[in-house]
Amino acid sequence: MRAPAGHGLPSVSVVIPARNDAVALRTCLTLLARQHVPPLEVVVVDNGSSDDTAAVARAHGATVMHEPRVGIPPAAATGYDAARGEVIARLDADSRPGPGWVEGVARAMADPAVSAVTGTGTFYDLPRPLGPPVAALYLGAYYVLSHLALGQTALWGSSMAVRRSTWLAVRHEVHREDPEVHDDMDLAFVLGPGRRVRLARGLHVGVSARSLRGAAQVRRRFARAVRTLELNWQVHPPWLRWRDRIERARLEVSDRAGRLSRR
């Protein structure tokens, strides 16, 4: 399954987990319909919605999956399992991708050495002078702190992608049954330092700042981050992750030096 003929790019399925988010989802799907390179499919996972989320998805030609277990981890995993493309891209319902987003995903993932890519964003519902700097501060802190904890680049669920073959290899290791983990960070942990995760700044989207509004939301996000760290550090603590990353880098340098010496 590949992208439209002539592009020579891997096919891309776009997965969007959504719960009671029909209004934002309608905008996201409208923007996906305007892509320079269309996705192979769009899979919307209706996570127990009581509004028109599923109807909006069907009206825009998306495949609708139903996941009754409330929580982004089970909803996202259900969508990834159903995706048929060579690359599984992920947006949130409130993500607003530009017309080159799907093509950007495909080009970033055309390198077979890359297992996953992640992007950047700005807050479209903050006052114009505040959106870019607040988003830069938030995402910058997220990527830097997560990199220290992971020993590698983290994933950001509002704009990311993973190779389908990689997902199939690790899908039984993610904590899909736990609604109180950050599913994107959890997947990045499971990928491990042995797989290459690339930050692709071209995968820029607009996102809502609603998840950062109010002390309760901030506490909830922090608690989920702690939960995600606790679960994954039990399996692979940070000092071992960094040891593995350094060893991988050493082997890559040695391999390159060997190839140059044989020329």
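Predicted, not measured: the structure shown is a model, and the values here were computed from it.

1. A few points about the overall build of the protein
Within the protein, the secondary structure is distributed over 9 helices and 8 strands. Its C-alpha atoms give the protein a radius of gyration of 18 Å, near enough to 18 Å, the size a compact globule of 263 residues would have. Projected onto its principal axes, the C-alpha coordinates of the protein cover approximately 60 × 50 × 40 Å. Each of the 263 residues in the protein was classed as buried or not, and the buried ones make up 50%.

2. Regarding the UniProt feature "domain: Glycosyltransferase 2-like" (unreviewed entry) in the protein
Feature annotation in UniProt assigns "domain: Glycosyltransferase 2-like" (unreviewed entry) to the following positions: residues 13–126. Taken as a whole, residues 13–126 contains 32% helix and 29% strand, while its terminal C-alpha atoms sit 30 Å from one another.

3. A closer look at the nonpolar core
Nonpolar side chains in soluble globular proteins tend to end up buried together. Counting residues in each nonpolar core, the largest one holds 67 residues, and the members touching the most others are Val14 and Ile16. Those residues within four positions of Val14 in sequence are excluded, and the remaining contacts are Leu32, Pro39, Glu41, Val42, Val43, Ala89, Leu91, Trp101 and Val102.

4. Observations regarding the sheet that holds strand 3 (residues 63–66)
One open sheet accounts for 8 strands, arranged 3-2-1-4-7-6-8-5; its pairing is mixed. Each of the sheet's edge strands pairs with one partner strand only, and the pair in question is strand 3 and strand 5 (96–97). Contacting strand 6 (114–123) and strand 8 (196–207), helix 5 (residues 131–150) runs over the sheet at an angle of about 145 degrees to strand 6.

5. Notes on the confidence of the model for the protein
Looking at the protein as a whole, its pLDDT mean stands at 92, while 97% of the residues score no less than 70. Segment residues 1–6 is flagged for pLDDT under 50; beyond a separation of four residues in sequence, or across chains, it makes 15 contacts in the model.

6. Things to note about empty space enclosed by the protein
A probe matching the size of a water molecule, rolled over the atoms, marks out where space remains unfilled. A full pass over the atoms with the stated rule returns 1 cavity of 30 Å³ or more. In this structure, the largest cavity encloses a volume near 90 Å³. Around the largest cavity, the lining is made up of 14 residues, and of these Pro73, Tyr80, Val174, Asp183 and Leu187 lie nearest the centre. Secondary structure elements with two or more residues in the lining of the largest cavity: helix 3 (72–82) and helix 7 (183–191). Split by residue class, the lining of the largest cavity holds 8 nonpolar, 1 polar and 5 charged.

7. With respect to the side chain of His236
Counting through the fold element by element, His236 comes out in the loop between helix 8 (215–235) and helix 9 (238–261). Within the structure, the side chain of His236 is placed 2.9 Å from the side chain of Asp244, a separation counted as a polar contact. Among all residues touching His236, those that are not within four sequence positions of it are Pro193, Arg241 and Asp244.

8. What about the layout of surface pockets?
When its volume is computed, the largest pocket comes out at roughly 920 Å³. What lines the largest pocket is a set of 34 residues, and nearest its centre among them are Ile72, Arg210, Ser211, Arg221 and Arg224. Counting residues per element, the ones that place at least two in the lining of the largest pocket are strand 1 (12–18), helix 3, helix 7 and helix 8. Ranked by residues supplied to the lining of the largest pocket, first place goes to helix 8 with 4 residues. A class-by-class count of the residues in the lining of the largest pocket yields 13 nonpolar, 9 polar and 12 charged. There is about 480 Å³ of room inside the second largest pocket.

9. Re the packing of aromatic side chains
Within the structure shown, the criterion is met by 3 aromatic pairs. Between Tyr80 and Trp167, the aromatic rings sit 5.0 Å apart at their centres with planes inclined by 80 degrees, giving edge-to-face as the arrangement. Placement of Tyr80 in helix 3 and of Trp167 in helix 6 (residues 164–170) is noted, with a sequence separation of 87 residues between them. What makes Tyr80 buried here is its relative accessible area of 4%.

10. Some thoughts on the pattern of salt bridges
Inspection of the entire model under this criterion finds 16 salt bridges. For the salt bridge of Arg107 with Glu103, the shortest nitrogen-to-oxygen distance reads 2.9 Å. Here Glu103 and Arg107 lie together in helix 4 (residues 101–108), a separation of 4 residues that amounts to about one turn. On the basis of relative accessible area, Glu103 is assigned to the buried category, the value being 19%. Note that Arg243 is salt-bridged to Asp244, the shortest N-O span being 2.9 Å. Assessed through its relative accessible area of 26%, Asp244 is described here as partly exposed. One salt-bridge network, in which partners are shared between bridges, spans Asp21, Asp94 and Arg210.

Each value, and the rule that gives it
Residues numbered from 1 in each chain as written. Predicted model: local features only at pLDDT ≥ 70, side-chain atom pairs only at ≥ 80, totals over all residues. Heavy atoms only, no water. Helix = DSSP H or I, 4+ residues; strand = E, 2+ residues; numbered from the N terminus. Rg over C-alpha atoms; globule rule 2.2 N^0.38 Å. Buried < 20%, exposed > 50% of the residue type's maximum accessible area, 1.4 Å probe, protein only. UniProt positions renumbered as here; feature names shortened; annotations may be inferred. Core = buried A, V, L, I, M, F, W, Y, C linked by side-chain atoms within 4.5 Å. Contact = heavy atoms within 4.5 Å. Pairing = 2+ DSSP bridges. Axes fitted to C-alpha atoms, helices over the stretch in contact; angles between N-to-C directions. pLDDT = per-residue confidence, 0-100. 1 Å grid on protein atoms, 1.4 Å probe; cavity = no way out; pocket = protein on both sides within 12 Å on 5 of 7 lines; lining within 4 Å. Points joined across faces, edges and corners; volume = space filled by probe spheres on them. Nonpolar A, V, L, I, M, F, W, Y, C, P; charged D, E, K, R; others polar. Polar contact = N/O pair within 3.5 Å; in protein donor to acceptor, adjacent residues only side chain to side chain. Phe/Tyr/Trp six-rings, centres within 6.5 Å; stacked < 30°, edge-to-face > 60°. Salt bridge = Lys/Arg side-chain N within 4 Å of Asp/Glu carboxyl O.

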